[in-house]
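Summary of structural features
Each chain, written out:
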Amino acid sequence: GHRTMFLRSMLPAARVASQVARRTAGSKMQKRSMADVPIHPGPTGPDKRLVLAYSGGLDTSTQLRWLADKGYEVIAFCANLGQGGGMNDEDFSGIEAKALASGAKKCYVLDLQEDFVENYVFPIIRANAIYESRYLLGTSLARPCITKTMVAIAQQEGCQYVAHGSTGKGNDQVRFELSTYALRAGLDCVVPWRIPEFYNKFQGRADLLEYAKERNIPIAMDVGNRPPYSMDDNLFHISFESGVLEDPAATPPDSTHRYTKPLNACKETHDDIQIIWEHGNPIKVINMGTKEEATSPANVLKMLNKLGGDHAIGRIDIVENRYVGIKSRGVYETPGGTILRAGHLDIEALTLDREVCKIRDGLGIKYAECVYNGFWFSPEMEFLENAMNWTQRHVNGETRLRLFRGNAIALGRSSPNTLYNMDMASMDISGGFDVSHSEGFIRTQARRLTAYRNMAHPNGLPLPSIPKTSGVHIN
């Protein structure tokens with residue numbers, strides 16, 4: 001309600017954060033890199049207020065209590081980003097009570113699903129952004145969404161610090177902190193997993209559980225039946241990494257099928273869908289068999305997640321290059337996002353100019369790198385976002401897809417802004433295309449090739465030898 005409206009009303013001001021930082025923080029904010037981030041053993045000034053990105057799990061619950069023990073006044077923030085993908089939604093009803101019992105002075109639990117999909121997922125689809133040709137950036141794009149609201153809470157509550165539970169080896173620490181420093185001046189990040197006193201005390205899960213028991217932190221104490229890997233999920237995707245998956249040769253256990261069914265268990269009959277596009281955004285999805293429809297950004301993604309998951313669409317197992325210089329192995333399931341990417345590419349084929357498409361594809365690689373590396377709130381990202389939005393002005397129409405056994409198969413597409421001329425493309429009628437012009441076009445294009453041949457290969461390019469006895473002989 002009112003609280004959400006306040007947060008959203010102030011968030012767009014991030015666009016001028018870098019200028020604000022320079023004006024208000026002076027030399028403090030100059031030449032800041034990850035190596036310059038201060039490590040806080042505890043607050044030294046009168047301001048002891050801190051916002052912690054909180055999930056309610058063992059790690060962040062333990063960190064909450066530890067930070068409170070160090071003298072911080074902790075405000076917990078839990079973001080509902082559609083964990084569960086719309087199929088097995090996470091229950092957030094007990095999060096606030098758990099945070100307060102763990103030592104928080106206050107807890108915000110905010111539903112950011114529509115914001116997440118509209119302002120973070122859909123831009124990825126519009127840009128066709130994909131990291132290293134395979135990863136649809138599901139975890140990467142969630143971090144700026146969380147951070148933006150966390151910084152808004154910090155401002156509202158008058159906090160000087162924000163904290164997150166990411167490890168010191170991964171990408172997420174970079175994403176959280178670069179976003180924080182880009183959005184507002186005067187905030188510092190407290191990262192328990194980079195504080196020696198913390199990481200020396202907690203060598204593993206057993207140490208965290210023991211501390212939770214000692215400090216009466218409300219966490220399930222059983223260690224049995226725990227998945228042998230870590231998971232992170234939101235409405236766009238679920239990821240699995242670490243544990244048994246750290247060996248890139250190891251086959252992922254069947255239990256990593258959460259958003260998508262295995263191929264041998266997927267639906268045996270196809271589903272046909274129609275996606276309506278407006279300026280590159282999917283504004284409606286229709287199940288052409290059941291006539292079910294979805295229109296809001298979050299509901300569009302939920303519907304496609306369910307359909308795609310039933311048909312084993314959108315699962316990848318990859319080794320990727322982390323920004324911090326480490327290769328890592330991850331298993332990702334992005335059913336709805338994979339379908340949206342296929343549909344978006346298809347509607348663009350009708351409506352996007354060839355040369356614009358080429359330039360956009362090149363920029364898309366940089367776009368994906370910015371998202372993956374944590375530069376969502378950066379000048380280069382502002383430029384890329386404006387460029388991508390310009391390309392989508394006429395990406396309107398509808399695409400129809402058949403979902404079946406791991407595939408999203410195009411059935412047809414149409415657009416009021418189509419650049420496709422059926423008569424001109426036809427092999428049966430002239431359609432206003434004068435074929436006599438083709439000879440001059442070909443000879444003009446060949447001039448460059450023959451010039452190069454004469455210079456580099458004056459005797460001509462090597463050709464395959466043809467046996468003199470080859471050919472068809474008739475007796």
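Here the structure is a predicted model, which is why all the values come from computation and not from measurement.

Reading the values: rules and limits
- Residues numbered from 1 in each chain as written.
- Predicted model: local features only at pLDDT ≥ 70, side-chain atom pairs only at ≥ 80, totals over all residues.
- Heavy atoms only, no water.
- Phe/Tyr/Trp six-rings, centres within 6.5 Å; stacked < 30°, edge-to-face > 60°.
- Buried < 20%, exposed > 50% of the residue type's maximum accessible area, 1.4 Å probe, protein only.
- Lys NZ or Arg CZ within 6 Å of the ring centre and 35° of its normal.
- Helix = DSSP H or I, 4+ residues; strand = E, 2+ residues; numbered from the N terminus.
- Contact = heavy atoms within 4.5 Å.

1. Looking at the packing of aromatic side chains
Under the counting rule described, the total for this entry stands at 11 aromatic pairs. Ring geometry for Trp193 against Phe198: centres 4.9 Å apart, planes inclined by 85°, an arrangement best described as edge-to-face. With relative accessibility at 18%, the residue Trp193 sits in the buried group. The class of Phe198 is buried, set by a relative accessible area of 0%. When the centroid spacing of 5.1 Å and the interplanar angle of 80° are considered together, the rings of Phe202 and Tyr211 count as edge-to-face. By the burial criterion, Phe202 is buried, and Tyr211 matches it. Put simply, the rings of Trp66, Trp193, Phe198, Phe202 and Tyr211 pair up and form one aromatic cluster. Residue placement shows Arg393 over the ring face of Trp390; its charged tip is 3.7 Å from the ring centre.

2. Some words on the environment of Leu58
Along the chain, Leu58 turns up in helix 3 (residues 58–69). Between the alpha carbons of Leu58 and Leu208 there is a distance of 7.2 Å; along the sequence they are 150 residues apart. Not counting residues within four places of it along the chain, the set of residues in contact with Leu58 comprises Arg205, Leu208, Leu209, Ala212 and Ile219.

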